[in-house]
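Architecture at a glance
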Amino acid sequence: MLQSLHHQLPNCSPPTFSTVFRFITLASGLKDDIILVQATSHHPDSAPLVLSPAIKLFLAGSCDISESDVDIYWKVLRNVVWHGDGGASSHVDMSLFAHHGWQHGITPRVLFPPHHTCQTCDCPAHMQGSVLKKAEQRQVVLYTLDNGPIATYSVHLYCADCNTNYHHGFSVKAGVRTFYPGILDVLQVGGHQFVETKVVHLWRTMMLVSWMSMSNCARLYNSALMQNSVPPPGFPWNFELAGDHVWHGFVQLTLIEDAMERHAVLSVPQDGDQKARFMDAIINRNNRIRTYGQEELRHYCNKCTRFFRDDAGAVTSKFSVVVTDGVTIGHPCCAVHNCHVPLNNNHHHFCPTHTLTHGHKCAIVGCSNDILVKSKVCHLAEHKAVENTHQLRGQSRFQLQQRLQRSQIANPTDSIAQDVPLDELIDDAPLEEDFTLALRAQFGRRRTHNEQLIVAPCGMILARETFYGAEGVGSVVEMIKRVFRSDDIKPKHIFYDNNCMLSKIVKDDVYFKDIGLSVDVFHFNCKHAITDRWCQENCNPASFEHLLGEDGAGWYFNSSVAEQTNVWFGGYHAICREMIVHRYRFFLDEMVLQKNRLTRAKLEKEGRCPANWPLSG
């Protein structure tokens with residue numbers, strides 16, 4: 001190849017390996033740009049014979065050769081460029097594009113559709129194999145892991161025969177955005193913002209292992225990965241990444257992976273803003289998980305399930321254990337006790353239904369009078385005095401410090417302090433405040449009470465449920481029956497710190513006939529009275545022989561695993577506390593799914609033989 005170039009180049013020194021390598025690398029990254037200016041009849045699988053003037057100028061300047069030499073280089077190397085993998089293109093010196101490309105409209109990583117022909121099966125253009133030539137480009141920012149933000153172009157191709165627009169990651173037809181199968185290397189997270197998928201993976205991992213919020217993920221990128229990049233002169237967009245971009249990348253990656261697992265294709269409305277566009281898909285995924293459970297619902301391993309074998313080694317029976325416990329994180333909800341209807345806005349106190357019946361009523365508990373204008377109480381003087389006292393409390397430095405402690409924020413959502421209006425702080429007051437012996441007021445928002453988790457002793461999270469009013473025993477019973485409605489996955493034993501009460505309630509329930517109910521070892525020894533005869537006789541873990549270790553020594557299962565999982569799960573309190581309900585469920589379900597995948601990998605490494613019970617029927 002070098003000899004061929006040397007023979008064809010007129011009266012010059014032999015081409016160097018570095019020049020040839022740079023030419024191949026740069027040209028490989030420009031294949032989409034090269035195809036775009038070719039004739040419609042030219043097939044994209046074949047290397048064109050000529051290059052456009054702009055690309056020739058760029059290659060000449062970047063490789064320090066003449067324009068006429070570019071033609072010879074292309075003649076000799078075009079098939080290598082066209083059919084090679086171009087794997088080294090990500091390590092190109094970005095300054096080459098700044099010095100030789102931007103003035104000619106040549107930028108690194110131009111975002112083209114993955115194909116140059118129409119993909120609609122019954123379209124005439126598809127059947128003829130015609131190359132799409134109606135193109136429109138716009139300036140965008142691409143956030144990369146290796147090179148920071150890059151000013152580049154996004155190009156979409158239009159098929160006039162079937163009215164389909166092909167973008168880098170999706171096609172648009174009849175108002176529907178349909179994502180391409182599989183996961184592309186780049187996701188669009190804003191109108192003019194794109195992010196490498198590996199950056200989104202990094203964000204999701206940081207959320208999983210270090211409870212990092214969207215705002216802090218964006219701030220970390222801007223601080224550590226920006227690499228002092230600045231937009232070129234005249235570029236219309238700044239390079240600052242925002243928390244919303246992180247969220248949109250997280251949502252798209254999660255939904256695309258979810259569609260792949262279901263052998264489906266993700267489709268969303270094209271109209272509307274980025275935040276609303278994916279809401280129906282988010283809600284549908286939330287509903288699927290609640291209906292069918294997490295992917296590890298049918299999990300078992302030799303750390304959470306005890307197998308008993310005969311002399312020949314065949315399994316004769318199994319004994320599986322789960323632990324349930326609540327962790328106090330939640331989202332804003334309707335102020336009417338145990339109402340599950342979502343709020344239209346997180347600053348509202350009531351859902352749409354109860355706004356009609358309660359929104360105009362006095363905040364004093366038990367008062368049914370209508371409120372005054374710009375007030376939360378009625379005309380009664382003593383009620384107005386209560387509101388005044390509440391506002392004074394809200395304005396005091398002492399009260400603000402108390403609220404910060406009550407919010408129990410372990411990990412702030414943003415590392416930079418933000419200005420928060422006083423009325424928003426007042427809005428987060430306790431649901432009910434005592435003012436006199438006779439009066440109680442409800443000025444603040446209600447939050448859901450807790451998240452109830454069901455965890456296997458190996459650490460696998462089998463289910464999550466939001467409890468609205470309280471961690472009531474009846475709600476726990478209902479959750480257990482809903483989650484383990486199939487007999488083949490019903491556990492043989494359930495640890496719960498309030499099993500002494502739960503066991504009384506279900507003592508005549510046939511569902512729990514073959515399920516042991518005990519308190520975990522820690523709570524039984526520390527928090528349950530010896531004088532409670534029912535608890536001592538029915539909920540003592542030592543009474544269940546299969547919970548004991550080999551030869552009755554120690555314990556076979558880790559019954560405190562839920563408490564340990566709560567420590568991890570509780571780290572999301574600050575991130576989730578202001579999310580609307582659908583985003584809240586979506587985010588936590590995905591964190592549970594990712595956590596379970598880490599747990600499964602750990603169990604495999606430990607030789608615990610993790611698997612899933614097959615579906616019955």
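Calculation notes
Residues numbered from 1 in each chain as written. Predicted model: local features only at pLDDT ≥ 70, side-chain atom pairs only at ≥ 80, totals over all residues. Heavy atoms only, no water. Helix = DSSP H or I, 4+ residues; strand = E, 2+ residues; numbered from the N terminus. Buried < 20%, exposed > 50% of the residue type's maximum accessible area, 1.4 Å probe, protein only. Contact = heavy atoms within 4.5 Å. Axes fitted to C-alpha atoms, helices over the stretch in contact; angles between N-to-C directions. Left-handed = near helix turned anticlockwise from the far one by under 90°. Nonpolar A, V, L, I, M, F, W, Y, C, P; charged D, E, K, R; others polar. Core = buried A, V, L, I, M, F, W, Y, C linked by side-chain atoms within 4.5 Å. Pairing = 2+ DSSP bridges. pLDDT = per-residue confidence, 0-100. Polar contact = N/O pair within 3.5 Å; in protein donor to acceptor, adjacent residues only side chain to side chain. Parallel < 35°, antiparallel > 145°, perpendicular 65-115°, else oblique. Arc of directions from axis to C-beta. Salt bridge = Lys/Arg side-chain N within 4 Å of Asp/Glu carboxyl O. Phe/Tyr/Trp six-rings, centres within 6.5 Å; stacked < 30°, edge-to-face > 60°. Lys NZ or Arg CZ within 6 Å of the ring centre and 35° of its normal. Disulfide = S-S within 2.5 Å.

Attention now goes to the overall build of the protein. When helices and strands are tallied, the protein shows 23 helices and 20 strands. Relative to its full complement of 617 residues, the protein shows a buried share of 49%. The contacts of the protein with a sequence gap of at least 6 include a subset with a gap of at least 24, amounting to 64%.

When two helices pack together, their arrangement is given by the angle between their axes and by how far apart the axes lie. Interaxial distance between helix α2 (residues 17–28) and helix α4 (residues 53–63) falls to 10 Å at its minimum, and their mutual angle equals 145°. Two packed elements cross with a definite hand, and for α2 against α4 that hand is right-handed. Along the contact surface, α2 presents T19, R22, F23, L26 and A27, while α4 presents F58, L59, S62 and C63. Counted by class, the contact of α2 with α4 contains 6 nonpolar, 2 polar and 1 charged residues.

A separate point is the nonpolar core. In terms of nonpolar packing, the biggest core is built from 62 residues, with W203, M207, L266, Y572 and F587 touching the most fellow members. The contact partners of M207, leaving out residues within four places of it in the chain, are M212, M214, C217, V246, F250, Y572, F587 and M591. Counting 31 residues, the second-largest nonpolar core is a separate cluster that includes C301, C458, M460 and L502.

On to the sheet that holds strand β2 (residues 149–159). Across the sheet, which stays open at both edges, the 8 strands sit in the order β6-β7-β1-β2-β3-β4-β5-β8 with mixed pairing between neighbours. The sheet is open, and its two borders are formed by β6 (186–188) and β8 (267–269), each paired with just one other strand. Taking the axes of each pair of neighbouring strands and ignoring which way they run, one obtains an average angle of 30° across the sheet. In this sheet, strand β5 (residues 176–179) lies alongside strand β4 (residues 170–173) in antiparallel orientation, the contact comprising 4 bridges. Bridging across to β5, S171 finds its partner in T178.

Moving on: the pairing of strand β10 (residues 305–309). As judged from the 5 bridges shared by β10 and strand β11 (residues 315–327), these two strands associate in the antiparallel manner. Residue pairing in the sheet places T305 in a bridge with S320 of β11. Connecting β10 to the antiparallel partner β11 that follows it, the hairpin turn spans 5 residues, and G313 within it adopts a positive phi of roughly 95°.

Let's shift gears to the confidence of the model for the protein. Of all residues in the protein, 88% have pLDDT values of 70 or greater, and the mean over the chain is 87. Within the model, pLDDT remains below 50 along residues 415–430, and this stretch shows 27 contacts once partners closer than five positions in the same chain are excluded.

Let us look at the side chain of R204. With respect to the helices, strands and loops of the structure, R204 is situated in helix α8 (residues 197–210). The exposure class assigned to R204 is buried, which follows from its relative accessible area of 7%. Polar side-chain contacts of R204 include one of 3.1 Å to the side chain of E590. Excluding residues within four positions of it along the chain, R204 makes contact with F250, L253, T254, E257, E590, M591 and Q594.

Right, let's talk about the packing of helix α10 (residues 243–261) against helix α12 (residues 279–292) for a bit. The contact between α10 and α12 brings their axes to 11 Å, and the two run at 55°. Regarding the angle of α10 to α12, the classification is oblique. In this structure, α10 crosses over α12, and the sense of that crossing is left-handed. When α10 is examined against α12, the residues V251, T254, L255 and D258 are found in contact with a partner set consisting of A281, I282, R285 and R288.

What follows covers helix α21 (residues 561–570). Three or more residues of α21 are buried, namely V561, A562, T565, N566, W568 and F569. The buried residues of α21 occupy one face: seen down the axis, they fall within an arc of 165°. Of the surrounding elements, those touching the buried residues of α21 are α8, β11, β16 (450–455), β17 (461–467) and α23 (581–605).

Turning our attention to the pattern of salt bridges. Note that side chains of opposite charge can pair when their charged atoms are close. By the definition in use, this model includes 28 salt bridges. Ionic pairing is found between D509 and K481, a salt bridge with its closest N-O pair at 2.5 Å. With D509 in the loop between α18 (499–505) and β19 (516–518) and K481 in helix α17 (residues 473–483), the pair connects residues that are 28 residues apart, well separated along the chain. Within this structure, R204, E257, D258, R262, R285, R288 and E590 form a network of salt bridges that share partners.

Along β5, the buried face is formed by R177 and F179; none of V176 and T178, which line the opposite face, is buried. What sits between β4 and β5 in their antiparallel hairpin is a turn of 2 residues, with A174 showing a positive phi close to 55°. Judged from the 3 bridges that link them, β5 and β8 form a sheet pairing that is antiparallel. In the strand pairing of β8, V176 is matched with P269.

To continue, consider the packing of aromatic side chains. Enumeration over the complete set of coordinates arrives at 23 aromatic pairs. Between Y300 and W613 the ring centres are 3.8 Å apart and the planes differ by 25°, which places this aromatic pair in the stacked class. With Y300 in strand β9 (residues 299–300) and W613 in the segment after β20 (611–612), this pair connects stretches of sequence that are 313 residues apart. For the pair F307 and W613, a centre-to-centre distance of 6.3 Å together with 55° between the ring planes defines the contact as tilted. On the criterion of sequence distance, the pair formed by F307 in strand β10 and W613 in the segment after β20 is long-range, its members being 306 residues apart. A residue is classified by how much of its surface remains accessible, and F307, at 24% relative accessible area, is partly exposed. A cation sits over an aromatic face here: K490 above Y511, 3.9 Å from the ring centre. Taking the ring centre of W568 as reference, the NZ or CZ of K595 above it sits at 5.2 Å.

Scanning all chains against the criterion turns up 0 disulfides. Its sulfur unpaired, C162 is 3.5 Å from the next cysteine sulfur, which belongs to C118. No disulfide involves C367; its nearest neighbouring cysteine sulfur is the one of C378, lying 3.9 Å away.

Positive phi, close to 60°, is recorded for D64, a residue that is not glycine. When its relative accessible area of 71% is taken as the criterion, D64 is described as exposed.

Okay, the environment of Q103 next. Mapping Q103 onto the fold places it in the loop between α6 (94–101) and α7 (124–128). Spatially, the C-alpha atom of Q103 lies 9.2 Å from that of F58, the residues being 45 residues apart in sequence. Among the polar contacts listed, one links the side chain of Q103 to the backbone oxygen of H99, at a separation of 3.0 Å.

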